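# Per-entry structural report
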Amino acid sequence: MITLAGSMAFQAGASLASGLFGRSAAKKQERTARAMARYNANVIRQNAKAEADAIESNLGNLIKGQREIQALQRMSVASRGGTLEGTDLLTLINQRKEMQLDNLELLRQRDIALITGEQKAQSAIFQGQQQAAIARAQGQAALAKGVLGAASVGVNYKIAEKQGLV
């Protein structure tokens, strides 16, 4: 036959075990949240790097094309017996200025892609840290609930003992 004391001891043990298991599960959630955040941040960074590399490749192609255009322009002027002065020179200067602005725009887009990627990665990490903090708090609450449940059983046992029920 199960005694009241045995039943209360079982309840106290079950309450503590429940708290410990809850804390353990919450720790696993915390680790998972952090790992997922790191993974997501790395994916975001890799995507931003790939985008920046693509922009840089486009910049290389643009520069190559611009050099070819400049060479053709010089040949065009020379074929007409002209020299690089006056109207021809102003046209070439304006076009080179536009070409340089195009180059700078691509560099700006590359930098924006990298910065945006890093900001998104940091946001993913922050969200993971928040989820981990919530899981940690839930684990602490589960443990506290288990300990309080066991203490409650102990108090109830003492009360029953004073009343002569045990």
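As a starting point, this report considers the structure included with it. All of these numbers come straight from a predicted model, not from anything done at the bench. (Residues numbered from 1 in each chain as written. Predicted model: local features only at pLDDT ≥ 70, side-chain atom pairs only at ≥ 80, totals over all residues. Heavy atoms only, no water.)

The next subject is a positive patch on the surface. Taken together, the side chains of Arg23, Lys27, Lys28 and Arg31 make up a positively charged region of the molecular surface. Counting through the fold element by element, Lys27 comes out in helix 1 (residues 4-79). (Patch = residues over 30% accessible without salt bridge, like charges linked within 9 Å, V, L, I, M, F, W, Y side chains within 5 Å. Areas by Shrake-Rupley, 256 points an atom, 1.4 Å probe, with all protein chains shown as cover. Salt bridge = Lys/Arg side-chain N within 4 Å of Asp/Glu carboxyl O. Lys, Arg positive; Asp, Glu negative; His and termini not counted. Charge placed at Lys NZ, Arg CZ, Asp CG, Glu CD. Helix = DSSP H or I, 4+ residues; strand = E, 2+ residues; numbered from the N terminus.)

In this section: the environment of Arg110. As for its placement among the helices and strands, Arg110 is situated in helix 2 (residues 86-162). Residues Arg110 and Ile63 lie 47 residues apart in sequence; the distance between their C-alpha atoms is 15 Å. Beyond its immediate chain neighbours, meaning those up to four positions away, Arg110 contacts Ala52, Ile55 and Glu56. (Contact = heavy atoms within 4.5 Å.)

It is worth spelling out the pattern of salt bridges at this point. According to the stated counting rule, one finds eight salt bridges in the structure shown. A salt bridge links Asp111 to Arg110; the nearest nitrogen and oxygen atoms lie 3.0 Å apart. Each of Glu30, Arg34 and Arg136 takes part in salt bridges that share partners, so that together they form one network.

Next up on the list: a nonpolar patch on the surface. On the surface, a nonpolar cluster with roughly 270 Å² of combined accessible area is contributed by Leu89, Leu90 and Ile93. Its location among the elements puts Leu90 in helix 2.

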